[in-house]
Amino acid sequence: MLLVHFSDLHLGHRAYDRAEQGKNVRERDVDEAFQRAVQEVIALKPELILLVGDIFDRPDPPPGALVTLAQGLESIRGAIPETQIFMVAGARDTPRPMTDPGALAALDPFPNVEAVTGRARSVFLRELETHLFLVPHNAVVRRPYPALRTHPDARWNLLMAYAGVATGAGPGLQLDPAPWDYVALGYLHQRQEVAPRVQYPGSLERVGPEPWREVAQEKGFLSFDLETGVSRFHPIPGRAVVALAPIRVPKGESSKLAGKVREVIGEVPAGIEGKIVRLRIEGLTPQEVKNEAQGLFAELRGKALHLAIEVDDFCLL
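These numbers come from a predicted model, not from an experiment.

Enquirer: Help me get a handle on the nonpolar core, residues and values and all.
Expert: Residues Phe6, Leu11, Leu51, Leu69 and Met87 are the most contacted members of the largest nonpolar core, which totals 32 residues. Elements with a contribution of two residues or more to this core: β1 (2-7), α1 (25-44), β4 (48-52), α2 (63-79), β5 (84-88) and β6 (113-116). No other element matches α1, which puts seven residues into this core. For Leu69, the residues in contact, after removing those within four places along its chain, are Leu11, Phe34, Leu51, Ile55, Phe56, Met87, Leu104 and Leu107. By size, the runner-up hydrophobic cluster in this structure holds 23 residues, among which are Val277, Leu296, Ile309 and Val311.

Enquirer: I'd like a description of the packing of α1 against α2, backed by residues and values.
Expert: Two elements in contact, α1 and α2, have axes whose closest approach is 10 Å; the angle formed by their N-to-C orientations is 10°. One finds that α1 runs roughly parallel with respect to α2. The segment α1 lies against α2, with Glu27, Asp31, Phe34, Gln35, Val38 and Ile42 engaging Ala65, Thr68, Leu69, Gly72, Ser75, Ile76 and Ala79. Each residue belonging to the contact of α1 with α2 can be placed in one class, and the counts come to seven nonpolar, four polar and two charged.

Enquirer: Please provide a residue-by-residue account of the pattern of salt bridges, values included.
Expert: Applying the stated rule across the entire model yields 19 salt bridges. Between Arg239 and Asp29 there is a salt bridge whose closest N-O contact spans 2.8 Å. With Arg239 in the loop between β16 (230-235) and β17 (241-243) and Asp29 in helix α1, this residue pair connects regions lying 210 residues apart in the sequence. The partner of Glu282 in a salt bridge is Arg280, and the shortest N-O contact between them spans 3.6 Å. Sharing partners across several salt bridges, the network here consists of Arg26, Asp29, Glu205 and Arg239.

Calculation notes
- Residues numbered from 1 in each chain as written.
- Predicted model: local features only at pLDDT ≥ 70, side-chain atom pairs only at ≥ 80, totals over all residues.
- Heavy atoms only, no water.
- Core = buried A, V, L, I, M, F, W, Y, C linked by side-chain atoms within 4.5 Å.
- Buried < 20%, exposed > 50% of the residue type's maximum accessible area, 1.4 Å probe, protein only.
- Helix = DSSP H or I, 4+ residues; strand = E, 2+ residues; numbered from the N terminus.
- Contact = heavy atoms within 4.5 Å.
- Axes fitted to C-alpha atoms, helices over the stretch in contact; angles between N-to-C directions.
- Parallel < 35°, antiparallel > 145°, perpendicular 65-115°, else oblique.
- Nonpolar A, V, L, I, M, F, W, Y, C, P; charged D, E, K, R; others polar.
- Salt bridge = Lys/Arg side-chain N within 4 Å of Asp/Glu carboxyl O.

Structure, rendered in structure tokens:
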């Protein structure tokens, strides 16, 4: 039996105050990454789809984010109607008042959709001999932590949790992986295997405040075959992010800055057009950088989607 595992979609994410056709460019990027992932999932034809936390970027998502998620669910239902979808709310999906279930709860009535936003929930799919224990953010921030329970009649026991976990001594949701056939986690934006069969797939797009910190890792989702125990990562292309090599300018040679910047920019394959770019400059003060390259930076910002300029520990926006 095949499952697919997403986390941290962040639908509705907005950044950089750049819009096309009335929509924030980064919000559109996140939507398109999700749409590409939906088409790949349909081709895989899994029995289960697990979406773990921060499905939306904030508790009151813009209408477009709700539409994108609903359209994705409807595409899946139309193409693979027997596939069942399970979602647990993350911190971004959860309103501050614990009595407010949040926007994600509106998806719970969808056919073959289970959306858990408050307390932990146990679901037994008798026809699939599968038990799922679903732990949303709200269940983790309360004390005591929920008791993670398997089902004695299930062939497959699956845990979904939006949390930092600990498999031994340490902070986080205490987890013994042994009783579980698969543990689907959300919270981290970078893919990580905590233990065999215990996985964070990472986010579909680089949605953190410093996306260049994730530039070395592909984004995507996981599939896992419960019969064979084989896990596979499915990369999903997104907006290009470039962390340029740091530029070191010796003291007293600030006039060389513009030339060095152009040299580093020229080494970027296909240029910086439409990309998210981080440029780090060392050895000069922020004022020296502004004096020497203000016009050049304006030119580069016109090409890139976003250009972040760091001068030692200071960030010039």
